[in-house]
Amino acid sequence: MKFSYIWHDQLNHSLMYFEKDYTYHVYNRSNEIVFYSEDNYLFFIEKVRKLIFPVCDILAWCLMPNHFHFLLQANEESIQLTNEKHRPTLQQLSKNLGTVHSSYTQAINKTLKRKGSLFAHNTKAKQITHQGNNFIENCFFYIHQNPVQAGLVKKLEDWEYSSFQDYAGFRKGTLCNKNLAYELINYNKDNFYEQSYAIIDEKYINGFGFND
């Protein structure tokens, strides 16, 4: 059973390994701001739509000023090998995640005339399918609650850079596979808004891996 694999943006060398139909919490954080403006957030999401959306099922996402979260399920396209001679076991999803990360870092470095790694940590993919009951459900809500918990907004719908608005009906976003999310996550569409504010037990938060 494989739980967590990492890659480093400076090397753009992927070490992540995904298994079909498994669900992963993919995240990274920095000690500094990485999204400086609306254009930065939109640029990153455009890269995700182009490179990540075609090769996995995105269930939830949230971009924060100094970190990001994605809840993904690997599918057949995710696990296809890229057949690179120097990385024969590299999978398509893993490669594309690295490309999103490195291309965003390069763009920010060029704009700000800076050098080096943008994120201080390695990106991780925490496999949560076998973490126990309700882990996927709680990770889904945890990702959406990030902006409120960080004090950036008072209401979840006030943060534009997450999938909450799409699920709550405030926006018609198409990045997430909502039908799959409905199957995996135990929630009622009629009281989704109320459920989204439910307090998440610390045991789940620790299991998501973000504090590792």
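Below or above, wherever it landed, is the structure these notes cover. (Residues numbered from 1 in each chain as written. Predicted model: local features only at pLDDT ≥ 70, side-chain atom pairs only at ≥ 80, totals over all residues. Heavy atoms only, no water.)

Turning our eyes to something else, we now look at the pairing of strand E6 (residues 123-127). With four of five residues buried, E6 lies mostly within the body of the structure. One ladder, built from four bridges, connects strand E3 (residues 23-29) with E6; its direction is antiparallel. By the bridge assignment for E6, Tyr27 is matched with Lys124. (Buried < 20%, exposed > 50% of the residue type's maximum accessible area, 1.4 Å probe, protein only. Helix = DSSP H or I, 4+ residues; strand = E, 2+ residues; numbered from the N terminus. Pairing = 2+ DSSP bridges.)

In this structure the tally under the stated criterion is five salt bridges. One salt bridge connects Arg87 with Glu84, and the closest N-O pair in it is separated by 3.0 Å. A single burial state applies to Arg87 and to Glu84, both of which are buried. For Arg171, the salt bridge goes to Asp166, with nearest N and O atoms at 2.6 Å. (Salt bridge = Lys/Arg side-chain N within 4 Å of Asp/Glu carboxyl O.)

For the rest of this paragraph, the subject is the nonpolar core. Ranked by internal contacts, the top residues of the largest apolar core, which has 59 residues, are Phe44, Ile52, Ile58, Trp61, Leu63, Phe70 and Leu71. Top element by residues in this core is strand E4 (residues 56-64). It accounts for eight residues. Apart from the residues within four sequence positions on either side, Leu71 is in contact with Thr23, Tyr24, His25, Asp57, Ile58, Leu59, Ala60, Ile128, Ile136, Cys139, Phe140 and Ile143. (Core = buried A, V, L, I, M, F, W, Y, C linked by side-chain atoms within 4.5 Å. Contact = heavy atoms within 4.5 Å.)

Following the sequence through the fold, Phe18 ends up in the loop between strand E2 (13-14) and E3. In this structure Phe18 comes out as buried when scored by relative accessible area, which is 1%. Distance in space between the C-alpha atoms of Phe18 and Ala198 is 30 Å, their sequence separation being 180 residues. The contact partners of Phe18, leaving out residues within four places of it in the chain, are Tyr24, Ala74, Ile79, Gln91, Leu93, Ser94, Leu97 and Ala125.

This part is about helix H1 (residues 38-51). Over its 14 residues, H1 runs 20 Å from end to end, which matches the ideal 20 Å to within 8%, given 1.5 Å per residue. Along H1, the residues classified as buried are Asn40, Tyr41, Phe44, Ile45, Val48 and Leu51. Within H1, the buried residues cover an arc of 140° as seen down the axis, which keeps them to one side. Exposed and facing more than 90 degrees away from the buried side of H1 are Asp39, Glu46 and Lys50. Here the buried face of H1 lies against E4, strand E5 (67-74) and helix H2 (92-112). (Expected span 1.5 Å × (residues − 1). Arc of directions from axis to C-beta.)

This next bit is on the packing of aromatic side chains. Applying the stated rule across the entire model yields 21 aromatic pairs. Ring centres 6.1 Å apart and planes at 85° place the aromatic pair Tyr41 and Trp159 in the edge-to-face group. Here Tyr41, found in helix H1, pairs with Trp159, found in the loop between helix H3 (135-149) and helix H4 (164-168); they are 118 residues apart in sequence, far enough to count as distant. For Tyr41, a relative accessible area of 5% puts it in the buried group. Under the relative-accessibility criterion, Trp159 is labelled buried at 11%. Between Phe140 and Phe192, the ring centres sit 6.3 Å apart and the planes meet at 65°, which makes this aromatic pair edge-to-face. Linking Phe140 in helix H3 with Phe192 in helix H6 (residues 192-196), this pair joins segments that are 52 residues apart in sequence. Of the two residues examined, Phe140 and Phe192, each falls in the buried class. Ring pairs connect the aromatic residues Phe35, Tyr41, Phe43, Phe44, Phe68, Phe70, Tyr104, Phe119, Trp159 and Tyr161, which therefore count as one cluster. (Phe/Tyr/Trp six-rings, centres within 6.5 Å; stacked < 30°, edge-to-face > 60°.)

Attention now moves to the environment of His121. Tracing the backbone through its elements, the reader meets His121 in the loop between H2 and E6. When near neighbours in sequence (up to four residues on either side) are disregarded, His121 contacts Asn28, Arg29 and Asn31.

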